[in-house]
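Per-entry structural report
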Amino acid sequence: MKLEHIGIAIRNSADSEKIFAELLGSDSYKSENVESEGVKTTFFNVGESKIELLQALDPQSPVAKFIEKRGEGIHHLAFEVEDIDFELNRLEELGYQLIHRTPKDGADNKRIAFLHPKSTNGVLIELCQEKT
Ligand code: ZN
């Protein structure tokens, strides 16, 4: 596995895009809405990994609820895997709680699935696999 990206929950994409563009010295390379999650995603390259800014598109979105409860900040870590179905089975057999047993379409041309933070020390984990 490699750390593919770090997801950061934000309230206002214009403000946050400015902060990360200044911080990293380069603009975002892509913005994409993921309707199934109710979020706008904006990506920045950081070496071999990425920063994914997550802004809620509606108040029912999981990101909106996250910000309501915990404020803006780090939302999840995403690990890239070669075979997401295999990894989900492997982790489920080891007793990890899956939020998605079947991968779904995510941003950036990926199939994604989340593990419940209850079984991962309070850290929301995303597994992702590049679509071929
Ligand atoms: Zn993500």
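Predicted model, so just to flag it, every value in this text is computed and none were measured.

Focus on unusual backbone geometry
One non-glycine residue, D108, lies in the positive phi region at around 65°. Turning to its location among the elements, D108 is positioned in the loop between β6 (104–106) and β7 (110–115). If you check the backbone angles, N121 has positive phi at about 55° while not being a glycine. Along the polypeptide, N121 turns up in the loop between β7 and β8 (125–130).

Describing the side chain of E52
Inspection of the secondary structure assignment puts E52 in strand β4 (residues 49–56). One buried charged residue, E52, forms no salt bridge at all, with the nearest opposite charge on K50 at 9.2 Å. Reaching out from E52, the side chain makes a polar contact with the side chain of H5 at a distance of 3.1 Å. When neighbours within four sequence positions are excluded, E52 is seen to be in contact with H5, I6, G7, I8, T41, T42, F43, H76, A107 and E126.

A short note on the sheet that holds β7
As summarised here, the arrangement of the eight strands in space is β2-β3-β4-β1-β5-β8-β7-β6, forming an open sheet in which the pairing is mixed. Edge positions in the sheet fall to β2 (30–34) and β6, since each has one partner strand and no second. Sheet twist, expressed as the average angle between the axes of neighbouring strands with direction ignored, equals 35°. Of the pairings in the sheet, the one linking β6 to β7 comprises three bridges and is antiparallel in character. Bridging from a neighbouring strand, G106 pairs with K110 of β7. Along the sheet face, helix α3 (residues 84–93) touches β7 and β8 and points at about 10° away from the line of β7.

Cut-offs used in this document
- Residues numbered from 1 in each chain as written.
- Predicted model: local features only at pLDDT ≥ 70, side-chain atom pairs only at ≥ 80, totals over all residues.
- Heavy atoms only, no water.
- Helix = DSSP H or I, 4+ residues; strand = E, 2+ residues; numbered from the N terminus.
- Buried < 20%, exposed > 50% of the residue type's maximum accessible area, 1.4 Å probe, protein only.
- Lys, Arg positive; Asp, Glu negative; His and termini not counted.
- Salt bridge = Lys/Arg side-chain N within 4 Å of Asp/Glu carboxyl O.
- Polar contact = N/O pair within 3.5 Å; in protein donor to acceptor, adjacent residues only side chain to side chain.
- Contact = heavy atoms within 4.5 Å.
- Pairing = 2+ DSSP bridges.
- Axes fitted to C-alpha atoms, helices over the stretch in contact; angles between N-to-C directions.

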